[in-house]
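# A closer look at the structure
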Amino acid sequence: DVVRPPYRQNLFDGVISIAVLHHMSSFERRLAAMTSLVKLLRPGGLALITVWAMEQEEAKKMRKWKELEQDVSPGGQDPSQALGKDYLVPWNVPFHRPEAANVASKA
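Below is a short write-up of the structure. Every chain is numbered on its own, with residues counted from 1 as its sequence reads. The predicted nature of this model means local features are confined to residues of pLDDT at least 70 and side-chain atom pairs, given and counted, to a pLDDT of 80 or more, with totals for whole chains, interfaces and linings taken over all residues. Based on all heavy atoms of the structure, the side-chain values leave hydrogens and waters out of the count.

## A closer look at the pattern of salt bridges
Using the following cut-off: Here, a salt bridge means any side-chain nitrogen of Lys or Arg that lies within 4 Å of a carboxyl oxygen of Asp or Glu. Only runs of H or I of at least four residues qualify as helices and only runs of E of at least two qualify as strands under DSSP, and these elements are numbered from the N terminus. Under the scheme applied here, a residue whose accessible area is under 20% of the maximum for its type counts as buried, over 50% as exposed, and between as partly exposed, the area being computed with a 1.4 Å probe on protein chains only.
Summed over all chains, the structure comprises two salt bridges. Note that Arg 42 is salt-bridged to Asp 13, the shortest N-O span being 3.2 Å. A residue pair is termed long-range when its members are at least 10 positions apart, and Arg 42 in strand S2 (residues 41-50) and Asp 13 in strand S1 (residues 12-18) qualify at 29 residues. Note on Asp 13: relative accessible area 55%, which makes it exposed.

Here's what the structure looks like:
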């Protein structure tokens, strides 16, 4: 759970979050996730956080995305004004890929 990770604070020199945030259902949960990742870092630690860009996806796949209602951040600024539209991207295990099917069969 990226919002409540099972690690103590100030533990890591680095943390990585790749293609995770767009699977979270609200701006608040995304902010909580980033905050918790930063708390895991020792002073001077580094975080690498990446997200998918809308331009990277095929139109067919994007139809499954759910546009989130525009939340107002705690500072009173609508985050969509600075960041563009916000979407929840459904996550599915790609069972058609042999490596995913193999791992899933052992779970």
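## Focus on a nonpolar patch on the surface
Heads up, the rule is: In this scheme, patches are assembled from residues that exceed 30% relative accessible area and form no salt bridge. Like charges are connected within 9 Å, while nonpolar side chains (Val, Leu, Ile, Met, Phe, Trp, Tyr) are connected within 5 Å. To measure how exposed things are, a 1.4 Å probe is used in the Shrake-Rupley method; for residues, cover is taken only from the protein chains shown.
Taken together, Ile 16, Ile 18 and Leu 48 make up a surface patch of nonpolar side chains, about 310 Å² in accessible area. For Leu 48, a relative accessible area of 44% puts it in the partly exposed group.

## Side note on the pairing of S2
This is how it is decided: Pairing between strands is defined by DSSP: at least two bridges between the two strands are required. Classification remark: right-handed applies to a crossover when, strands pointing away from the viewer, the course from the first strand over the helix to the second runs clockwise.
Two strands pair when backbone bridges link them, and S1 and S2 are joined in this way by six bridges, in the parallel orientation. Residue pairing in the sheet places Ile 18 in a bridge with Thr 50 of S2. Assessed by its sense of winding, the connection that carries the chain from S1 through helix H1 (residues 27-40) to S2 is right-handed.

## What about a positive patch on the surface?
What counts, and what does not: Within this scheme the basic residues Lys and Arg register as positive and the acidic residues Asp and Glu register as negative, but His and the chain ends are omitted. A single reference atom marks each charge: NZ on Lys, CZ on Arg, CG on Asp, CD on Glu.
Where like charges cluster on the molecular surface, the positive patch consists of Lys 60, Lys 61, Arg 63 and Lys 64. Within the secondary structure layout, Lys 61 lies in helix H2 (residues 59-62). Looking at Lys 61, the relative accessible area reads 44%, which means it is partly exposed.

So yeah, pure geometry; function would need other evidence.
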